[in-house]
Structures are given as structure tokens and as C-alpha cells.
Amino acid sequence: MHLIVSNSDKEIVGKYCWHVAFGETAEKTLKLKISDITSGSIKPKFKKQYIREDKNEKELVYVFTAVSDAEFLPSPDDKEWEKRDFEIKCWESSAKRTLSACHAMMMYRNNRTLEAADNLVAMLEWLNDECGQDVVPHEYGAKCPNCGRFFNQDHAFRKPVFCEDCGCMLRW
Ligand SMILES: [Zn+2]
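Residues numbered from 1 in each chain as written. Predicted model: local features only at pLDDT ≥ 70, side-chain atom pairs only at ≥ 80, totals over all residues.

Q: What's the story with the overall build of the protein in this structure? I'm lost.
A: Each helix and strand in the protein was counted, giving four helices and nine strands. In sequence order, the protein lays out its α and β elements as β-β-α-β-β-α-α-β-β-β-β-α-β. Relative to the globule expectation of 16 Å for 172 residues, the C-alpha radius of gyration of the protein, 22 Å, shows a markedly less compact shape. Overall, the protein is about 65 × 50 × 30 Å in size when its C-alpha atoms are taken along their principal axes. Within the protein, residue pairs in contact and separated by at least 24 positions form 39% of the contacts whose partners lie at least 6 positions apart. (Helix = DSSP H or I, 4+ residues; strand = E, 2+ residues; numbered from the N terminus. Rg over C-alpha atoms; globule rule 2.2 N^0.38 Å. Contact = placed C-beta atoms within 7 Å.)

Shown next, in the form of C-alpha cells:
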């Protein structure tokens, strides 16, 4: 869902986007989110809806516009949005996988067979792969794809599994 706010001079003062949680309406989410970005009261108008599709997902996007001269929190730039989007996705898939791992653990506790153990190991390996991002190659080493931390050649040679700064899982 997007909200585009302009002032009475028709200058755009903020562009925001939010995810509508499953089971919520766009209007309800909008009302809630507006209170996060301004203390002024604004009356958003529904402008259009369209389907955005990329290689990972397909989503229905609602676009609202509003005119207001109230003060707004600055809107994050695109890069920040990408990062947030990535974090949300990681978090969602992590929750699902944690549940599956818990389930496999319970099965193993109840029934200590090789099959149950293999199942548990498969689940843990799966957890391990999650959210790994390709390291960005660099002339003198490599860089973390998430926070941009620089790894010198010695450091890159050791191929750390996680970035020490942001905790992002690294794929080499
Ligand atoms: Zn990092």
C-alpha cells in the first residue's frame, strides 16, 4: 500500500509504503500507520489499485493520496525499503521454519528412530540456509551484502558464515 502526501502547493512531501497484514483491510492499516508518521489529521483518498509482480511475489498495491500541510516524518528511501522488505521476508520464513524444526524435535523426543533423527537434521540444515545473501566481491576482499561492512582479503579468505556487524548470513 502506498500513500503519497502533497502539501497545498502540490509539492510531494512524503511517499510511504506499508504491508497490509493478512486479514486486515487497507483502510484500517492506513489509519493505524498514519498515526505513526504525523500528529496532524489527514484524509487520504483512494486513488487506484494495481498488481505488482516481480520474480518473488505478486501483490495487490493500493495507492492513496492525501493533501496536508501538517508535519510528517521523513519517508525512508528505496534502499531502506528494500532492506526492510528483506527483513520482513526473513522473519516470516524464519517463523515458519522454526515451527517445523520444533515439530521435528518433538517427533524425535517421542520416537528416537533414525528416521526421526534424519528429519531433525534436515530441518536444522534448512534453517541454516535461510536468508543467506551473496557476498559482494571487492577488489581488496569482499563486502557484506546487507550492511556493506568490508572484509579484507585475510578475512574474506576465512569465509565467515555470518557478518560480524549485522548478523546477516553470508553465501560465498
Ligand atoms: Zn553486515
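The discussion continues.
Q: When you look at the pairing of strand β3 (residues 45-53) in this model, what are you seeing that I'm missing?
A: Counting buried positions along β3 yields zero of nine residues, so the element is predominantly exposed. In this structure, β3 lies alongside strand β4 (residues 58-67), joined through eight bridges in antiparallel fashion. Residue pairing for β4: Q49 is matched across the bridge by Y62. Counted along the chain from β3 to the antiparallel partner β4, the turn is four residues long. (Buried ≥ 20, exposed ≤ 12 C-beta atoms within 10 Å, placed from the backbone. Pairing = 2+ DSSP bridges.)

Q: When you look at the pairing of strand β2 (residues 12-17) in this model, what are you seeing that I'm missing?
A: Put simply, side chains in a regular strand alternate between the two faces of the sheet. Pairing between strand β1 (residues 2-6) and β2: five bridges, direction antiparallel. Looking at the pairing, L3 lines up with Y16 of β2. The antiparallel pairing of β1 with β2 creates a hairpin that spans five residues between the two strands, and K10 there sits at a positive phi of about 70°.

Q: Explain the sheet that holds β3 to me, please; I cannot follow it from the model alone.
A: Strands belonging to one sheet form pairs held by backbone hydrogen bonds; the direction of such a pair is parallel or antiparallel. Taken together, the four strands give an open sheet; going across it, the order is β2-β1-β4-β3, and neighbouring strands pair in mixed fashion. Only two strands of the sheet have a single partner each, and these edge strands are β2 and β3. Across the sheet, the mean angle from the axis of one strand to that of its neighbour is 20°, orientation sign disregarded. (Axes fitted to C-alpha atoms, helices over the stretch in contact; angles between N-to-C directions.)

Q: Looking at this structure, I do not really get the sheet that holds strand β8 (residues 150-152). What am I missing?
A: One open sheet accounts for three strands, arranged β6-β7-β8; its pairing is antiparallel. Among the strands making up the open sheet, the edge pair consists of β6 (136-138) and β8. Taken over all neighbouring pairs, the strand axes of this sheet differ in orientation by 25° on average, direction set aside.

Q: What should I look at first to understand the domain arrangement of the protein in this one?
A: Quoted interface sizes are often the accessible area lost when the parts come together. Splitting the protein by domain gives domain 1 (2-67) and domain 2 (78-171). Centre-to-centre separation of domain 1 and domain 2, based on C-alpha positions: 32 Å. (Domains from an automatic or database assignment.)

Q: Got a minute to help me understand the nonpolar core in this structure?
A: The tendency in soluble globular proteins is for nonpolar side chains to be buried as a group. Judged by nonpolar contacts, L3, V5, Y16, L30, I34, Y62 and F64 together constitute the single largest core of seven residues. At the level of secondary structure, the elements contributing two or more residues to this core comprise β1, α1 (26-37) and β4. With near-sequence residues (within four places) excluded, Y16 lies in contact with H2, L3, I37 and S75. (Core = buried A, V, L, I, M, F, W, Y, C linked by C-beta atoms within 7 Å.)

Q: Hey, could you run me through the environment of A66 in this one?
A: As for its position among the elements, A66 is in strand β4. When the C-alpha positions of A66 and D54 are compared, they lie 27 Å apart, and in sequence the two are twelve residues distant. Those residues in contact with A66 that lie beyond four places of it in its chain are L3, V5, I42, K43, P44 and K45.

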